[in-house]
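Read off the chains here:
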Protein chains: 4
Amino acid sequence: MTTSRLEAFSDGVLAIIITIMVLDLKVPVGDGLLSLKPYIPKFLSYFFSFIYVGIYWNNHHHLFHTIKKVNGKILWSNLHLLFWLSFLPVATGWMGENYNSTLPTAVYGFVLLMSSVAFMIIEKVAIKTEGKDSDIAKTVTSGSKEIISTIGYILGILLAFILPFLGIFIYYVIALLWLVPDKRIEKYYN
Amino acid sequence: MTTSRLEAFSDGVLAIIITIMVLDLKVPVGDGLLSLKPYIPKFLSYFFSFIYVGIYWNNHHHLFHTIKKVNGKILWSNLHLLFWLSFLPVATGWMGENYNSTLPTAVYGFVLLMSSVAFMIIEKVAIKTEGKDSDIAKTVTSGSKEIISTIGYILGILLAFILPFLGIFIYYVIALLWLVPDKRIEKYYN
Amino acid sequence: MTTSRLEAFSDGVLAIIITIMVLDLKVPVGDGLLSLKPYIPKFLSYFFSFIYVGIYWNNHHHLFHTIKKVNGKILWSNLHLLFWLSFLPVATGWMGENYNSTLPTAVYGFVLLMSSVAFMIIEKVAIKTEGKDSDIAKTVTSGSKEIISTIGYILGILLAFILPFLGIFIYYVIALLWLVPDKRIEKYYN
Amino acid sequence: MTTSRLEAFSDGVLAIIITIMVLDLKVPVGDGLLSLKPYIPKFLSYFFSFIYVGIYWNNHHHLFHTIKKVNGKILWSNLHLLFWLSFLPVATGWMGENYNSTLPTAVYGFVLLMSSVAFMIIEKVAIKTEGKDSDIAKTVTSGSKEIISTIGYILGILLAFILPFLGIFIYYVIALLWLVPDKRIEKYYN
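Residues numbered from 1 in each chain as written. Chains lettered and ligands numbered in written order. Predicted model: local features only at pLDDT ≥ 70, side-chain atom pairs only at ≥ 80, totals over all residues. Heavy atoms only, no water.

An unreviewed UniProt entry lists chain A under the name TMEM175 family protein, from Pseudopedobacter beijingensis. Checking UniProt for chain A, the heading Catalytic activity (unreviewed entry) contains the comment "K(+)(in) = K(+)(out)". (UniProt positions renumbered as here; feature names shortened; annotations may be inferred.)

This is the structure we're talking about:
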């Protein structure tokens with residue numbers, strides 16, 4: 001079984017997630033400048049969630065480029081990742097409408113944390129499937145970016161209960177940190 | 001005619017179904033913990049429907065891996081499956097908003113039952129098209145899982161009129177039962 | 001330029017159209033049997049529009065199977081078809097909510113008529129592009145089904161102003177008529 | 001890394017954008033002719049936005065046909081284009097509901113301007129990646145159409161503050177101007 005259909009399906013889901021998020025920026029009521037004001041936090045939420053989906057799409061692209069064999073475990077750990085990412089539109093909309101408030105900030109961070117965990121699970125499953133001498137085992141090593149962002153998400157969730165604004169700020173910094181795609185894998189292949 | 005475009009179209013529809021379901025978990029009103037409370041049954045409904053779509057995607061993936069020829073009958077029996085699966089988001093949303101009530105539970109079970117029947121029809125049509133010596137005829141045999149889940153769906157629909165909660169429980173157990181993909185076909189090909 | 005990306009894009013649009021229509025069957029309010037009653041005309045509308053999209057997907061599949069070269073004219077006449085088909089969800093929802101009333105029935109018929117015209121334009125453009133000796137010119141001949149359904153749509157639109165119910169009935173009969181895929185092309189290739 | 005998955009993902013996003021726009025033409029309330037009246041500006045907005053997405057899809061199709069290598073920069077400049085295009089449904093809906101009013105017209109023009117800038121960035125990045133002797137460098141030269149439409153968008157945004165109607169008119173003229181696909185690239189390849 002090849003990865004092509006799994007990639008096509010994941011592309012479809014990610015394309016829908018990234019496009020559907022914008023629907024929460026509903027058509028504004030009225031046509032004055034004030035009608036755009038509540039849009040600023042929503043726009044920011046949307047902007048960074050768009051970056052996050054872009055990051056996941058990029059890294060997914062890189063990861064499955066190195067995976068050769070697909071089995072039931074890979075299929076389900078991939079669906080597990082899509083499950084958590086599918087909450088991003090709702091979490092984004094909620095945080096955008098309730099800026100600087102505890103629960104939406106914590107939930108948003110939790111969705112990011114679980115997506116990140118899900119991605120790492122796929123890596124682990126793939127390494128286990130393909131063996132220690134496979135390309136995937138050589139290129140994927142628990143990198144510092146993964147550790148930093150995991151700590152960042154947990155910190156953001158905790159900060160949501162004291163200074164939500166700071167939690168959000170951390171999520172955004174991590175997004176920017178990941179904008180640089182996984183050089184390790186890219187280097188290996190070019 | 002090859003299966004590639006049929007698979008791409010089905011992937012598209014399944015990707016939309018799985019992603020659109022989450023939209024019924026609309027952006028919560030308010031930002032307190034109480035605003036998340038009505039989410040619990042909705043979340044459960046979503047979770048298991050996500051698993052169901054995942055199961056269908058996996059099994060569809062496996063099935064069309066063994067189908068060589070596509071004709072009008074296969075195309076339409078595939079569309080018939082997608083027709084029933086397309087009701088899953090509405091049925092999921094309805095059951096999630098009216099937990100433990102008769103009609104939504106029965107309708108949800110009916111959608112599951114018809115999807116399952118539609119899948120079996122594709123298998124039958126494919127076997128008829130490709131002949132008794134084809135790969136598909138050898139790998140697809142009316143398995144116990146199919147029989148158990150058909151009985152389970154009917155039982156769930158009936159229970160919806162007495163103890164809806166138990167009906168829902170049965171649907172969830174069947175979902176977990178199917179989490180293991182169709183070993184028969186996977187074995188045959190690896 | 002090959003047809004693959006055009007097919008992929010069309011598959012995406014058709015997959016979204018077919019899945020989005022079901023969203024107008026919004027989650028019912030209440031959980032009683034009466035809450036399903038207004039669903040009957042909606043369900044019928046949805047059912048036949050699903051068949052129509054299925055028909056267009058099938059025929060599109062067959063048509064582009066015979067088209068070898070894609071140029072700007074083919075691209076735009078294909079987008080023209082998708083344009084009219086994209087109105088199907090709105091027209092279906094409108095007709096489903098106002099059963100047996102003039103304007104929705106006429107608009108629905110108009111969308112069907114224009115989609116059908118758009119499909120014939122693609123055929124003409126393709127034949128002009130590929131020449132009179134091409135596969136496409138040999139397989140596509142203005143068939144009786146096309147003529148019957150064009151007359152049927154126009155009749156349905158006119159009937160909408162007198163007996164909308166009969167107009168709807170005609171649309172449904174045409175749908176059933178098309179359920180049989182284009183044998184001419186299928187025969188030619190198998 | 002090939003362009004196939006990037007194209008598939010972009011096709012997905014563009015297919016969703018083009019199909020989702022029509023959802024803002026919500027199911028009309030009532031069934032009389034008057035219920036269609038507020039539809040006229042909405043329909044026009046939708047019609048021209050559909051053409052714009054069609055143009056971008058066509059040009060994207062042509063551009064990535066000449067791009068051989070995909071790296072992180074291409075991936076992100078492509079996501080940057082999709083980001084701006086993803087605002088088209090909201091901007092279209094807003095302009096359709098507030099015809100001939102300043103802010104929606106200016107925002108719509110801004111989305112078009114940024115999308116156009118984003119497309120040019122992809123071209124620049126691709127030329128830088130593939131070198132001055134590549135196909136892409138030979139076919140893409142800052143054409144007059146790009147310059148005219150950039151000036152047109154800026155003019156439209158400015159006019160939005162004086163005569164919105166004229167601004168909208170300019171956007172529509174540019175759309176029609178682009179309906180002819182990029183002959184330079186098409187010529188080069190056929």
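Back to the write-up after that little detour.
Asks: Could you give an account of the relation of the copies chain A and chain B, naming the residues involved and the relevant values?
Replies: Structural alignment of chain A on chain B gives an RMSD of 0.0 Å, achieved by rotating through 90 degrees and translating 0.0 Å along the axis. What the rotation and shift describe, once combined, is the action of a four-fold rotation axis. Proximity to the rotation axis, assessed at the C-alpha, singles out glycine 12 of chain A in chain A; its C-alpha lies 4.3 Å from the axis. Of the interface residues in chain A, just 7% have counterparts in chain B that sit at the interface too, so the contact is made through distinct surfaces. (Least-squares fit on C-alpha atoms with pLDDT ≥ 70 in both. Contact = heavy atoms within 4.5 Å.)

Asks: Run through the interface of chain B and chain C, naming residues and quoting values.
Replies: Chain B puts 29 residues into the contact, and the matching count from chain C is 39 residues. Together, the buried faces of chain B and chain C total about 2,900 Å²; carbon and sulfur atoms form 75% of this surface. At the surface where chain B touches chain C, the tally comes to five residue pairs in polar contact (both at pLDDT 80 or more). With nine residues, the single largest contributor to the side of chain B that touches chain C is helix α1 (residues 4-20) of chain B. Residues belonging to the side of chain B that touches chain C are distributed by class as follows: 19 nonpolar, seven polar and three charged. (Buried area = accessible area lost by both parts, 1.4 Å probe. Polar contact = N/O pair within 3.5 Å; in protein donor to acceptor, adjacent residues only side chain to side chain. Helix = DSSP H or I, 4+ residues; strand = E, 2+ residues; numbered from the N terminus. Nonpolar A, V, L, I, M, F, W, Y, C, P; charged D, E, K, R; others polar.)

Asks: Before we move on, could you go through the interface of chain A and chain B and cite the residues and values that matter?
Replies: Across the boundary between the two partners, chain A contributes 29 residues, which contact 39 residues of chain B. Taken together, the two surfaces of chain A and chain B that pack against each other cover about 2,900 Å², and 75% of this comes from carbon and sulfur. Applying the counting rule to chain A against chain B returns two salt bridges. Close ionic contact of arginine 5 of chain A with aspartate 11 of chain B constitutes a salt bridge, the shortest N to O distance being 2.7 Å. Connecting chain A to chain B are five residue pairs in polar contact (both at pLDDT 80 or more). Those elements giving two or more residues to the side of chain A that touches chain B turn out to be α1 (4-20), α3 (72-85), α4 (88-97) and α5 (102-130) of chain A. Element by element, the count of residues in the side of chain A that touches chain B is highest for α1 of chain A, at nine residues. (Salt bridge = Lys/Arg side-chain N within 4 Å of Asp/Glu carboxyl O.)

Asks: Account for helix α5 (residues 102-130) of chain D, with residues named and values stated.
Replies: Here α5 of chain D contains 29 residues, and its C-alpha end-to-end distance of 42 Å stays within 8% of the 42 Å for a straight helix at 1.5 Å per residue. Two residues or fewer past α5 of chain D, glycine 131 of chain D is found with a positive phi of approximately 90 degrees. (Expected span 1.5 Å × (residues − 1).)

Asks: Can you lay out the UniProt feature "transmembrane region" (unreviewed entry) in chain A for me, pointing to particular residues and giving the numbers?
Replies: All names here are of chain A. The sites that UniProt annotates as "transmembrane region" (unreviewed entry) are residues 9-27, 39-57, 78-95, 107-126 and 147-180. Helix makes up 89% of residues 78-95 and strand 0%, with an end-to-end C-alpha separation of 26 Å. In the segment residues 107-126, helix accounts for 100% and strand for 0%; the C-alpha atoms at its two ends are 29 Å apart.

Asks: Please set out the relation of the copies chain B and chain C residue by residue, giving values where relevant.
Replies: With an RMSD of 0.0 Å, the operation that places chain B on chain C is a rotation of 90 degrees combined with a shift of 0.0 Å along the axis. When the interface residues of chain B are mapped onto chain C, a mere 7% of them again lie at the interface, so each copy presents a different face.

Asks: Can you lay out a nonpolar patch on the surface for me, pointing to particular residues and giving the numbers?
Replies: A cluster of nonpolar side chains, contributed by Phe161, Ile162, Leu163, Phe165, Leu166, Phe169 and Val173 of chain C, occupies part of the molecular surface with about 740 Å² of accessible area. Within the secondary structure, phenylalanine 165 of chain C is located in helix α8 (residues 164-178). (Patch = residues over 30% accessible without salt bridge, like charges linked within 9 Å, V, L, I, M, F, W, Y side chains within 5 Å. Areas by Shrake-Rupley, 256 points an atom, 1.4 Å probe, with all protein chains shown as cover.)

Asks: Please set out the side chain of arginine 5 of chain D residue by residue, giving values where relevant.
Replies: Tracing the backbone through its elements, the reader meets arginine 5 of chain D in helix α1 (residues 4-20). In terms of polar contacts, arginine 5 of chain D uses its side chain to reach the side chain of aspartate 11 of chain A, at 2.8 Å. Setting aside residues up to four positions removed in sequence, arginine 5 of chain D forms contacts with Glu7, Asp11, Trp57, His60, His61 and Phe64 of chain A.

Asks: Could you give an account of the environment of isoleucine 18 of chain A, naming the residues involved and the relevant values?
Replies: Tracing the backbone shows isoleucine 18 of chain A in helix α1. Separated by 32 residues in sequence, isoleucine 18 of chain A and phenylalanine 50 of chain A have C-alpha atoms that sit 6.1 Å apart. Apart from the residues within four sequence positions on either side, isoleucine 18 of chain A is in contact with Tyr46, Phe50, Val53 and Gly54 of chain A together with Phe9, Val13 and Leu79 of chain D.

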